[in-house]
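# Coordinates in review
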Amino acid sequence: MPQTSDRRPAALKFPDGRTPRIALALQGGGALGAYQVGVYQALEEAGVTPDWVAGISIGAVNAALIAGNKPEQRLERLTEFWQTISRPDLMPLPAQIDLRRFYNATSANQTMLFGQPGFFKPRLLNPWFAPAGTPGAVSFYDTAPLADTLARLIDFDQLNSGATRLTLGAANVETGEQITFDTAYSRIGPEHIMASGALPPGFPPVQAGVDLCWDGGVVSNAPVSMVLDDQPRQDTLCFMVDLFDPVGPVPRTMSDVLDRQKEIAYASRNRHHIESFRATHDLRRAVNALAARLPKSALEDPEIRRLAELGCVTTMNIVHLLYRSRKYETGSKDYEFSRASIAEHRAIGYRDTCMALTHRPWFRSVDVNTGVVIHDVVSHEGEEAVISKPAAAHPAAGRKPRRVSGD
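Now for a look at the structure at hand. What you are looking at is a predicted structure, and each value in this text was computed from that prediction instead of being measured.

Attention now goes to the packing of aromatic side chains. Taken as a whole and judged by the stated rule, the model has eight aromatic pairs. Centroid distance Phe119 to Phe120: 5.0 Å. Interplanar angle 70°. Geometry classified as edge-to-face. Owing to a relative accessible area of 6%, Phe120 belongs among the buried residues under this scheme. Geometrically, the ring pair formed by Phe119 and Phe203 is tilted, given 5.9 Å between the ring centres and 50° between the ring planes. Residue Phe119 is located in the loop between helix H4 (97–114) and strand S3 (121–122), and its partner Phe203 is located in the loop between helix H7 (190–196) and strand S7 (206–208); the two are separated by 84 residues in the primary sequence. With respect to class, Phe119 is no different from Phe203; both count as buried. By the ring-pair criterion, three or more aromatic residues cluster together here, those being Phe119, Phe120, Tyr141, Phe203 and Phe337. The aromatic ring of Trp52 is capped on one face by Arg165, whose charged end is 3.9 Å from the ring centroid.

Pasting the structure below:
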């Protein structure tokens, strides 16, 4: 397991001088994953090197490309991957919103019909006519091209060297449980990356060790939980990169309904994970404060000492980077792979992260009893800010349902 470096720039340290572990948590989201490339580009240019990268689905692919290459090759490999899995644009990018929606819809339909080069291709037989029990009977696309792409762009000896920890999330098809693959405990191969991104019914399940797996987002699309739940706990600065926004306008069309449904389904669990962790972490701090007030004689009791050891004073700073949809995007945005859209997503991720690095919100002092702080990066439609709040007070930490007539 990589050790936190004490040589990090002062800008990456907490106000009291503590050196945090740097983690990067990458959510799944198909074509929107290009946003994460822009995030990593900004971090690399600022000299921010993650000790740990966790990912689910397309976030797992980006995470593996980072951990599976030497630092000087990472951005090049990420760029090559996204260039490989996209097609050249067939026409100039329209500026008008309605025309851009048509352009994006055409690109998404092309993906559905023909797949994406270096990623997946349609099967010759419709699943309804394929022999039962075969991959063709349980998926619409063949992901063999992705296996070839991963083999070409990732050095699996480097990935498993321990230089950068890698954790991936998947779902066990038979038990429905979330499972994790972690280089801190076992070797990760291409099958584990593909398992994390095997989204049904498009892609077939993947055998990874003893587990038959689907995409981790089927259970939880929140890789940040892997970082928060890790033991032993460490002071952590986590860049949480999400691709779906749980907050949005009331749908007005069926296209809007499909878009909102997808946003909520893939984004909502983050706030529950963070709030649950905050409550537990606050309790650990209370235990630590209580133990500090006990006389030394009390701590000689093995049971009291065991309970006191449950206390913790670590601080978790979460920089929340969230892709927010453009006005012309619809529910097909996660499988719309035009190079124009990929370039836009990457540029937005780069812009948002540069703003976060400029503000350095984790460098601000917080109350001694606050163990988890979320720094929400807002950079959308002319609004730019970094809002830092304890997790319980943050919009992502959970909301009480609004009461409406008839409840």
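Along the chain, the position of His345 falls in helix H12 (residues 339–359). The exposure class assigned to His345 is buried, which follows from its relative accessible area of 2%. Measuring from C-alpha to C-alpha, the distance between His345 and Arg324 comes to 9.8 Å, with 21 residues separating the pair along the chain. Ignoring anything within four residues of it in the chain, the contact list for His345 reads Ala31, Leu32, Ala34, Tyr35, Tyr323 and Glu329.

Okay, the pattern of salt bridges next. Applying the stated criterion across every chain, the model contains 14 salt bridges. Here Glu344 makes a salt bridge to Arg100, at a shortest N to O gap of 3.0 Å. On the criterion of sequence distance, the pair formed by Glu344 in helix H12 and Arg100 in helix H4 is long-range, its members being 244 residues apart. The partner of Asp334 in a salt bridge is Lys262, and the shortest N-O contact between them spans 2.9 Å. Note that Asp334 is positioned in the loop between strand S10 (316–322) and H12 and Lys262 in helix H9 (residues 254–267), a separation of 72 residues in sequence. It is possible to trace a salt-bridge network through shared partners that takes in Arg21, Arg165, Asp182 and Asp230.

Here we come to unusual backbone geometry. The linkage connecting Pro200 with the following residue, Pro201, adopts the cis geometry, with an omega of -5°. Along the chain, Pro201 falls in the loop between H7 and S7. With an omega of 0°, the peptide bond running from Gln231 to Pro232 counts as cis. Within the secondary structure, Pro232 is located in the loop between helix H8 (224–228) and strand S9 (236–242). Although it is not a glycine, Ser57 sits at a positive phi angle of roughly 60°. On the secondary structure map, Ser57 appears in the loop between strand S2 (52–56) and helix H2 (58–67). Here the phi dihedral of Arg360 falls at roughly 45°; this positive angle occurs in a residue that is not glycine. Take Arg360: it is sitting in the loop between H12 and strand S11 (372–380).

Thresholds applied
Residues numbered from 1 in each chain as written. Predicted model: local features only at pLDDT ≥ 70, side-chain atom pairs only at ≥ 80, totals over all residues. Heavy atoms only, no water. Phe/Tyr/Trp six-rings, centres within 6.5 Å; stacked < 30°, edge-to-face > 60°. Buried < 20%, exposed > 50% of the residue type's maximum accessible area, 1.4 Å probe, protein only. Helix = DSSP H or I, 4+ residues; strand = E, 2+ residues; numbered from the N terminus. Lys NZ or Arg CZ within 6 Å of the ring centre and 35° of its normal. Contact = heavy atoms within 4.5 Å. Salt bridge = Lys/Arg side-chain N within 4 Å of Asp/Glu carboxyl O.

That's the geometry; what it means functionally is another story.
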